[in-house]
Amino acid sequence: MNIFTFHSGNTALHRLDVRYKTALVCMVSLALLKAGFAGCFVCFLVLSWLVYATGISFIHLAVQLKWFILLLGIMFITRSLTVPGTPIFSFFEVVITHEGIVQGTLVAMRFFLVMITGLLFSATTRPADLKSAAQWYLKPIPFVPEKRVAIMISLFLRFLPLILTQAQQVSDAVNARCGNLNKNPVRRIRYLVLPLLKKIFLAADSLCLAMDARCYSEDRTDPVFETGKNDMRFLGAGICLCLVMVCPFHIFIKMTFWS
Amino acid sequence: MPPAYPLRPMVNTALFVALICMGAFIAIPIGPVPIVLQNMFVLLAGLILGPAWGLACVGVYLLTGLAGLPVFAGGTSGIGKLFGPTGGYLLGYLPAVLVTGVLSRALGKRLGGDILAAVAGSMVVYAAGVPWLKIAFSLSWGKAVAAGMVPFLLGDTVKIAAAAVIAGKIRPFVKL
């Protein structure tokens, strides 16, 4: 499993109408922009439960996200060191501020939750369903060729694993020729990137030929969606979650303390 | 006779969308705006695909990110990213790829012309991204430029040079 791979299953999230799922992802993403610590914590609990219910292993998830988690760590450290405010630790010119730690934690939490939301979406949505949803959403927009856009989305999802595989093959080939011993980083990148791009464009050309040979066109049966009670329940729950996330808990806490 | 179905440009456009996503994963967070490789692939899309398919490429990329797939910098996604501090850069890719594609074609797809086109494309990205960052964080112009443009100029020079060289080498393999 990688970050884009569909994880087969028959959970409620798998069965959810992809149009509702897309709308929910957009809502959660917007709510996270305004969410404070409490809102992020509530979102974290809900997403953790969904990850568990979907059957995705937490260990697998951690392995997949290890580099992103490292990036979040760097982001947190950068914020702690660059945001001005009350210093809590200083060493020569390096000053860690209270405001920096608070802001860094909040930003890292928001990024992490957006990442998990996106991962849940891609793990429970078939590329074909995503293509259908894109076609459905774009249909009312004038001058947008929704079928072509939908085909490009499904093709792009299939290219991602191809690029990763080809990158690994080119890297192995370079290493087999002792290319990894080359100290010049520009040469190393050149020997990796140019053959890789050449290989994937040739693979794309072969795909074109194969599709052409099968008389591929956009005159295909349109997708049919059926909305059930489960979809409406999920939408309602999603709206409630977003409202809770943007709810200013700190004001309630202050009011409780004052009263 | 109906016009030929543009299968080849569509497949190549989809491939560039995938490359832009891969570029977005390699993100180094140095502040509110991370250093990413995705802008190099956006410029490359303009140089190789041309203005129309380049625009389609960035449009599809933004759409997949909006739909929820983790394709934006650092594996993020969602409409919230477009309204966030880096939303201007993401939306700026649309005019940038258009400008790069138009200029590259007008200047004859030569190395010098490709470099000029990529420089103009990068400037368009900053023209959209820096004012957006200024508004998002209520910064002064000086601070917005210092946070959202200056740290990336050196990296952009390398990316522009790489994009122009790669475009020259890859063009013979890309049939549109």
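Nothing here was measured: the structure is a model prediction, and the numbers come from that model. (Residues numbered from 1 in each chain as written. Chains lettered and ligands numbered in written order. Predicted model: local features only at pLDDT ≥ 70, side-chain atom pairs only at ≥ 80, totals over all residues.)

Caption draft 1: Spotlight on the overall build of chain A. A tally of regular secondary structure across chain A gives eleven helices and two strands. Taking 259 residues into account, the globule formula puts the C-alpha radius of gyration at 18 Å, and chain A, at 23 Å, lies well above it. Seen along its three principal axes, the alpha-carbon backbone of chain A occupies a region of about 75 × 60 × 40 Å. Among the 259 residues that make up chain A, the fraction classed as buried is 29%. (Helix = DSSP H or I, 4+ residues; strand = E, 2+ residues; numbered from the N terminus. Rg over C-alpha atoms; globule rule 2.2 N^0.38 Å. Buried ≥ 20, exposed ≤ 12 C-beta atoms within 10 Å, placed from the backbone.)

Caption draft 2: Structural detail: helix 6 (residues 141–148) of chain B. Residue and element names in this part refer to chain B. Ala144, Ala147 and Gly148 are the residues of helix 6 that are buried. With its buried residues spanning 80° around the axis, helix 6 presents them on a single face. Contacts made by the buried residues of helix 6 are with helix 5 (111–137). (Arc of directions from axis to C-beta. Contact = placed C-beta atoms within 7 Å.)

Caption draft 3: Fine view of the interface of chain A and chain B. Each side of the interface is counted separately: chain A has 50 residues, and chain B has 41 residues. Mapped onto the side of chain A that touches chain B, the elements with two or more residues apiece are helix 2 (18–34), helix 5 (66–82), helix 6 (98–124), helix 7 (127–138), helix 8 (146–176) and helix 9 (185–213) of chain A. Of the residues belonging to the side of chain A that touches chain B, the class tally is 38 nonpolar, eight polar and four charged. (Nonpolar A, V, L, I, M, F, W, Y, C, P; charged D, E, K, R; others polar.)

Caption draft 4: Region of interest: the domain arrangement of chain A. Split into domains, chain A comes out as domain 1 (1–125 + 231–259) and domain 2 (140–225). Computed from C-alpha atoms alone, the centre-to-centre distance between domain 1 of chain A and domain 2 of chain A is 31 Å. (Domains from an automatic or database assignment.)

Caption draft 5: Spatial organisation of the environment of Gln38 of chain B. Residues and elements named next belong to chain B. In this structure, Gln38 sits in helix 2 (residues 38–67). For Gln38, a count of 26 C-beta atoms within 10 Å gives the class buried. Every residue in contact with Gln38, bar those within four places of it in the chain, is listed here: Ile20, Gly23, Ala24 and Ala73.

Caption draft 6: Here's a closer look at the nonpolar core. Val17 and Cys57 of chain B are the most contacted members of the largest nonpolar core, which has 110 residues in total. The dominant element in this core, judged by the number of residues it contributes, is helix 2 of chain B, at 20 residues. Split by domain, this core shows at least three residues from each of two domains, domain 1 (1–125 + 231–259) and domain 2 (140–225) of chain A. The residues contacting Val17 of chain B, other than those within four sequence positions of it, are Met152 and Phe156 of chain A together with Cys57, Val60 and Tyr61 of chain B. (Core = buried A, V, L, I, M, F, W, Y, C linked by C-beta atoms within 7 Å.)

Caption draft 7: Representation of helix 10 (residues 229–246) of chain A in the model. All names here are of chain A. For helix 10, spanning 18 residues, the distance from its first C-alpha to its last is 26 Å, which sits close to the expected 26 Å at 1.5 Å a residue. Within helix 10, burial applies to Gly238, Cys242 and Met245. Taken down its axis, helix 10 places every buried residue within 60° of arc, on the same side. Counted as exposed and oriented over 90 degrees from the buried face of helix 10: Lys229, Met232, Arg233, Gly236, Ala237, Cys240 and Leu243. Those residues of helix 10 that are buried lie in contact with helix 2 and helix 3 (37–54). (Expected span 1.5 Å × (residues − 1).)

Caption draft 8: A look at the packing of helix 5 of chain B against helix 7 (residues 153–170) of chain B. Residue and element names in this part refer to chain B. It is the contact of helix 5 with helix 7, at a shortest axis distance of 9 Å, that shows an interaxial angle of 135°. With respect to helix 7, the element helix 5 is oriented oblique. The hand of the helix 5/helix 7 crossing is right-handed. Residues Leu111, Asp114, Ile115, Ala118, Val119 and Ser122 of helix 5 touch helix 7, and the partners they reach there are Asp156, Ile160, Ala163, Ala164, Ala167 and Gly168. (Axes fitted to C-alpha atoms, helices over the stretch in contact; angles between N-to-C directions. Parallel < 35°, antiparallel > 145°, perpendicular 65-115°, else oblique. Left-handed = near helix turned anticlockwise from the far one by under 90°.)

Caption draft 9: Unusual backbone geometry, seen in detail. Phi at Cys215 of chain A takes a positive value of approximately 55°, unusual for a residue other than glycine. Structurally, the position occupied by Cys215 of chain A is in the loop between helix 9 and helix 10. Overall, the presence of 7 C-beta atoms within 10 Å leaves Cys215 of chain A in the exposed class. Residue Ser138 of chain B is not a glycine yet carries a positive backbone phi of 50°. As for its placement among the helices and strands, Ser138 of chain B is situated in the loop between helix 5 and helix 6. Look at Ser138 of chain B and you get exposed, because 8 C-beta atoms sit within 10 Å.

Caption draft 10: Expanded view of the pairing of strand 2 (residues 94–97) of chain A. All names here are of chain A. In this sheet, strand 2 lies alongside strand 1 (residues 87–91) in antiparallel orientation, the contact comprising four bridges. Bridge pairing in strand 2 links Pro87 to Thr97. Linkage of strand 1 to strand 2, two consecutive antiparallel strands, is achieved through a turn of two residues, within which Phe92 is found at a positive phi near 55°. (Pairing = 2+ DSSP bridges.)

Caption draft 11: Representation of the environment of Ile166 of chain B in the model. Following the sequence through the fold, Ile166 of chain B ends up in helix 7. In contact with Ile166 of chain B, other than residues within four places in its own chain, are Val193 and Leu197 of chain A together with Leu44 of chain B.

Caption draft 12: Region of the structure containing the environment of Leu66 of chain B. Checked against the element boundaries, Leu66 of chain B lands in helix 2. On the neighbour-count criterion, Leu66 of chain B (23 C-beta atoms within 10 Å) is buried. Discounting residues that sit within four places of it in the chain, Leu66 of chain B has contacts with Cys26 of chain A together with Ile79 and Leu82 of chain B.

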